[in-house]
Amino acid sequence: MGRDVIQAAVSVGLHPVPVSFSRAEEYGQTVEVCGKEIKLHGPSGRESILASIVDEYPNLIVVDYTVPDAVNDNAELYCKVGVPFVMGTTGGDRERLYKTVKDSNVYAFISPQMGKQVVAFLAAMEIMAEQFPGAFSGYSLQVMESHQASKLDISGTAKAVISCFQKLGVSFELDQIQQIRDPKQQVEMVGVPEEYLNGHAFHMYHLTSPDQTVSFEFQHNVCGRSIYAEGTVDATIFLAKKELSSGSTI
């Protein structure tokens, strides 16, 4: 995901800082993206390293795409150092995450879904749930979501959509979601193109009436990561403008 965000950032004229945090075993390595050498740091000493980066780049905004278990510790680090951040990583303790940011003086953009068009779909679902509560009472729901095998948690987008269906009267628990992470199933059963097995997000929600005579199906499929990278860059620019409007130095 980092490569896609850097490519999207460079394409609109932003200047990625040539530093990133990664796993301990990748400490000291460099990766090349868009002709830029990015130096990788491990988790050791990251607070002092991040503070020194902020000193060198006072307009820094961090973009976080890591793993669910790192969400809260990372957010607490960013808030402690005082650097605004975009949190695109799903999972973690979201209430703790929101409280961490609220209790700090740091701007953050937090969303489990960075694709603007998908966010618009979610907003439409929320409006429907608010205006027509119970409209699908008695209907059964099937949910299938397929992501690259490296995604460890349930889709945050699926959780949000299911929440809307619950308000619409559907009884459904998260453990009923059919999660597809096996590449063979993704190609043969879901229809994911092989070239996108390492980066895709397919979602299907199927509603059926109690007497089986009526059905509704909602589906949104994403191949690749460009939609999220572009949304992340927009979020970064949004935060930069918030920093400027607050009178902070940037």
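What counts and what doesn't
Residues numbered from 1 in each chain as written. Predicted model: local features only at pLDDT ≥ 70, side-chain atom pairs only at ≥ 80, totals over all residues. Heavy atoms only, no water. Pairing = 2+ DSSP bridges. Helix = DSSP H or I, 4+ residues; strand = E, 2+ residues; numbered from the N terminus. Axes fitted to C-alpha atoms, helices over the stretch in contact; angles between N-to-C directions. Parallel < 35°, antiparallel > 145°, perpendicular 65-115°, else oblique. Left-handed = near helix turned anticlockwise from the far one by under 90°. Contact = heavy atoms within 4.5 Å. Nonpolar A, V, L, I, M, F, W, Y, C, P; charged D, E, K, R; others polar. Salt bridge = Lys/Arg side-chain N within 4 Å of Asp/Glu carboxyl O. Buried < 20%, exposed > 50% of the residue type's maximum accessible area, 1.4 Å probe, protein only.

A. Expanded view of the sheet that holds strand β7 (residues 140-147). Ordered in space as β8-β7-β9-β10, the four strands form an open sheet in which the pairing is mixed. The sheet is open, and its two borders are formed by β8 (178-180) and β10 (215-223), each paired with just one other strand. Shown here is a sheet whose adjacent strand axes are inclined to one another by a mean of 10°, direction ignored. Bridge analysis of β7 against β8 gives three bridges, and the strand direction is parallel.

B. Layout of the packing of helix α2 (residues 46-56) against helix α3 (residues 71-81). Put simply, α2 and α3 touch, their axes get as near as 10 Å, and they point 45° apart. On the basis of the axis angle, α2 is oblique to α3. In terms of crossing hand, the pair formed by α2 and α3 is right-handed. For the pair formed by α2 and α3, the contact residues are R46, E47, L50, A51 and V54 on the first element and D73, N74, L77, Y78, K80 and V81 on the second. Of the residues belonging to the contact of α2 with α3, the class tally is six nonpolar, one polar and four charged.

C. View of the pattern of salt bridges. All chains considered together, the criterion is met by 10 salt bridges. K99 is the partner of D103 in a salt bridge, and the nearest nitrogen-oxygen pair spans 2.6 Å. Considered together, D103 and K99 belong to a single accessibility category, that of exposed residues. Here the salt bridges do not stand alone but share partners, grouping R23, E25 and E26 into one network.

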